[in-house]
Amino acid sequence: MTKKSLLARNNDLANTQRQLEILSNGIFKDELPTFAEKIKETNQFPLQPKKLEILQINVGYMCNQVCAHCHVDAGPDRKEIMTKETMLQCLEVIKNTGAHTLDLTGGAPEMNPNFRWFVEEAAKAGIKDFIVRSNLTIIRANKKYHDLPEFFKKYNVHVVSSMPHWTRGKTDKQRGDGVFDKSIKALQELNAVGYGVEGTGLKLDLVYNPSGAFLPGDQCSMEKDFKKALLDDFGITFNHLFAITNLPISRFLDYLIASENYEDYMYALVEAYNPMAVENVMCTNTLSVSWDGYLYDCDFNQMLNLKVASSVKHISEYNEDLLQKRHIVISQHCYGCTAGAGSSCQGTVA
C-alpha cells in the first residue's frame, strides 16, 4: 500500500484538470450519457440548491493515514492547513447562517493546530449538530491526541468515524497495516466516555465504503452486521452506519485505472442511476468550504477544484441569498451520489 499522496508521487492524477478530462472523454464521448444529459432525461437539470442545512468545512488535507481510496488524497505529506484567519471568517458565517449542522472534515481535522480552538469557538454558536469526521487512529497516533474522546464529549461533538469493515484484513487492506487494531482501541475509548452508548446523547456513527470497484450493499443490513460483529468481538456499540459509494476521483480513480476497472465501474454507476436519489443529493443542502476558504457545492467538487457557479466564491464574501440562486456544478463523478440508494456524507439518500 502507498505511503505517499498522489501529489507527493507527482502522479498525473494529482492534477484535477486531468481527472476531469478522463471523466469527460472516453466512454462518455460515444457510449454513456454525461450526468447532465442523464438528469435532463428526468427533468432535473439544472440542479439547484434547496435550503442550506449543512456547512462542511475542510480544515486541512494533512492526515496520519494514506488510505487507498481517499478522495482527498490526504496524507502526512499534505501541508494544506486552514489558517486561524480563515477559521475566523468561517465563524462569522456560522453565527449568521441558517445551517443547523457544522461538519468538520480533513484529512484528519484534529491535526490542524487550531482545531481545538475552532471547536470551542464554533460550539458557542449553538449549532444543533456539530460533526467531526475522525479516522479514529488519530486518537492513538500521539499522546497529544489521547484525550480527544474527553474533548469531544465536553463539546457534545457528534463523532463520525471511518471504519471500512469489522474485520482486520479488509480494514488494513484499505487503510494500512495496524489501522484496524488502533481503530478498535479508539472506539472502545469513545464508548468508555459514553459515545455510542444508549441514553448518553453522545452520537458515534461509522462510515463504510467498499474496498473495491463495486457499490455498497444495503445500508440497513450492513449496519446490523457491523453492530453484531463489533459487539460480539469487541464489546463496541455505536449509533448508525453510513454506507458511502466511492466516487471515481483522486486515489480511487487512480485505483480504477490501474486495476483496469474504470469503464466497468462507470457503467455500473450509470446503470444504477436513481432519479429519486437526485432529489436529495448532499449538494442541494450542503455548502463545502476548503482549507483556503473557497466555496464548493460539495466535498467531491472541492477535490476536483470545481468552485461554486456564483459571484460569491470565498467564505470572506459569503452571501447566502446570492449562493441560493446558483446552479450546482456537475460532472460524471456525480453518478456516484445518485447510484442505487444514493450516497452522501450522511449515508444513503433515497
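Here the structure is shown first, and the text comes after it.
Just so it is clear, the structure is predicted and the values come from calculations on it, not from any experiment.

So, the overall build of the protein
On a plain count of helices and strands, the protein comes out with 15 helices and eight strands. The C-alpha atoms of the protein give a radius of gyration of 19 Å, which matches the 20 Å a tight globule of 350 residues would have. Projected onto its principal axes, the C-alpha positions of the protein cover 55 × 45 × 40 Å. Across the protein, the fraction of contacts at a sequence separation of at least 24, relative to all contacts at a separation of at least 6, is 74%. On the protein, roughly 14,600 Å² of surface is accessible, and the fraction owed to carbon and sulfur atoms is 49%.

As for the pairing of strand β2 (residues 101–105)
Here β2 lies mainly inside the structure; five of its five residues are buried. Burial of β2 is two-sided: the residues Thr101, Asp103 and Thr105 facing one way and the residues Leu102 and Leu104 facing the other way are all buried. As defined by bridge partners, strand β1 (residues 54–58) adjoins β2 across five bridges and the pair is classed as parallel. Bridge pairing in β2 places Asn58 opposite Thr105.

Quick notes on the side chain of Thr105
By the secondary structure assignment, Thr105 is in strand β2. On the accessibility criterion, Thr105 (8% relative accessible area) is buried. For Thr105, the contacting residues outside a window of four places in its chain are Gln56, Ile57, Asn58, Val59, Gly60, Arg133 and Asp299.

Quick word on the state of the cysteines
Each disulfide consists of a covalent bond between the sulfur atoms of two cysteine residues. For the structure shown, the criterion picks out zero disulfides. There is no disulfide at Cys283, and the cysteine sulfur nearest it, in Cys298, is 6.0 Å away. Cysteine Cys334 remains unbridged, with the sulfur of Cys298 as its closest cysteine sulfur at 6.6 Å. A residue is classified by how much of its surface remains accessible, and Cys334, at 12% relative accessible area, is buried.

Quick look at the pattern of salt bridges
The tally for this structure, following the rule as stated, stands at 16 salt bridges. The residue Arg133 makes a salt bridge to Asp103 at a minimum N-O spacing of 2.9 Å. In this pair, Arg133 sits in strand β3 (residues 129–134) while Asp103 sits in strand β2, placing the two residues 30 residues apart along the sequence. Asp103 shares its class with Arg133; the two are buried. Among the ionic pairs, Arg168 bridges to Asp181, the shortest N-O distance being 2.7 Å. Here Arg168 is found in helix α8 (residues 168–175), whereas its partner Asp181 is found in helix α9 (residues 179–192), with 13 residues between them in sequence. The exposure class of Asp181 is partly exposed, given its relative accessible area of 41%. Beyond isolated ion pairs, a larger network of salt bridges with shared partners links Asp73, Arg78, Glu80 and Arg251.

With respect to the sheet that holds β2
Overall, mixed pairing links the eight strands, which are arranged β6-β5-β4-β3-β2-β1-β7-β8 in an open sheet. Either end of the sheet is taken by a strand with one partner, and the two such strands are β6 (240–243) and β8 (295–296). Of the strand pairs in this sheet, strand β4 (residues 158–162) and strand β5 (residues 204–208) are connected by four bridges, and their pairing is parallel. Across the sheet, residue Ser162 finds its bridge partner in β5, namely Val207. Across the sheet, helix α10 (residues 219–234) touches β5 and β6, and the angle it forms with β6 is around 130°.

Some details on unusual backbone geometry
Note that the residue after Phe45, namely Pro46, is joined by a cis bond; omega there is -5°. As for its placement among the helices and strands, Pro46 is situated in the loop between α3 (35–41) and β1. A cis geometry characterises the amide bond from Gly106 onward to Gly107, with omega recorded as 25°. Within the secondary structure layout, Gly107 lies in the loop between β2 and α5 (115–123). Here Asn10, not a glycine, exhibits a phi torsion of approximately 55°, which is positive. The phi dihedral of Asn305 is positive, around 60°, even though this residue is not glycine. Structurally, the position occupied by Asn305 is in the loop between α14 (299–303) and α15 (320–324).

Focus on helix α11 (residues 250–258)
Ser250, Arg251, Phe252, Leu253 and Leu256 are the residues of α11 that are buried. Where α11 ends, the next residue or the one after it, Glu260, has phi of about 60°, a positive value.

Thoughts on the packing of helix α4 (residues 84–96) against α5
Where α4 contacts α5, the two axes come as close as 11 Å, and the packing angle between them is 15°. Comparing their axes, α5 and α4 come out roughly parallel. In this structure, α4 crosses over α5, and the sense of that crossing is right-handed. Contacts from Lys84, Met87, Leu88, Cys90, Leu91 and Ile94 in α4 reach Phe115, Trp117, Phe118, Glu121 and Ala122 in α5. Grouping the amino acids of the contact of α4 with α5 by side-chain chemistry returns nine nonpolar, no polar and two charged.

Thresholds, definitions, all that
Residues numbered from 1 in each chain as written. Predicted model: local features only at pLDDT ≥ 70, side-chain atom pairs only at ≥ 80, totals over all residues. Heavy atoms only, no water. Helix = DSSP H or I, 4+ residues; strand = E, 2+ residues; numbered from the N terminus. Rg over C-alpha atoms; globule rule 2.2 N^0.38 Å. Contact = heavy atoms within 4.5 Å. Areas by Shrake-Rupley, 256 points an atom, 1.4 Å probe, with all protein chains shown as cover. Buried < 20%, exposed > 50% of the residue type's maximum accessible area, 1.4 Å probe, protein only. Pairing = 2+ DSSP bridges. Disulfide = S-S within 2.5 Å. Salt bridge = Lys/Arg side-chain N within 4 Å of Asp/Glu carboxyl O. Axes fitted to C-alpha atoms, helices over the stretch in contact; angles between N-to-C directions. Parallel < 35°, antiparallel > 145°, perpendicular 65-115°, else oblique. Left-handed = near helix turned anticlockwise from the far one by under 90°. Nonpolar A, V, L, I, M, F, W, Y, C, P; charged D, E, K, R; others polar.

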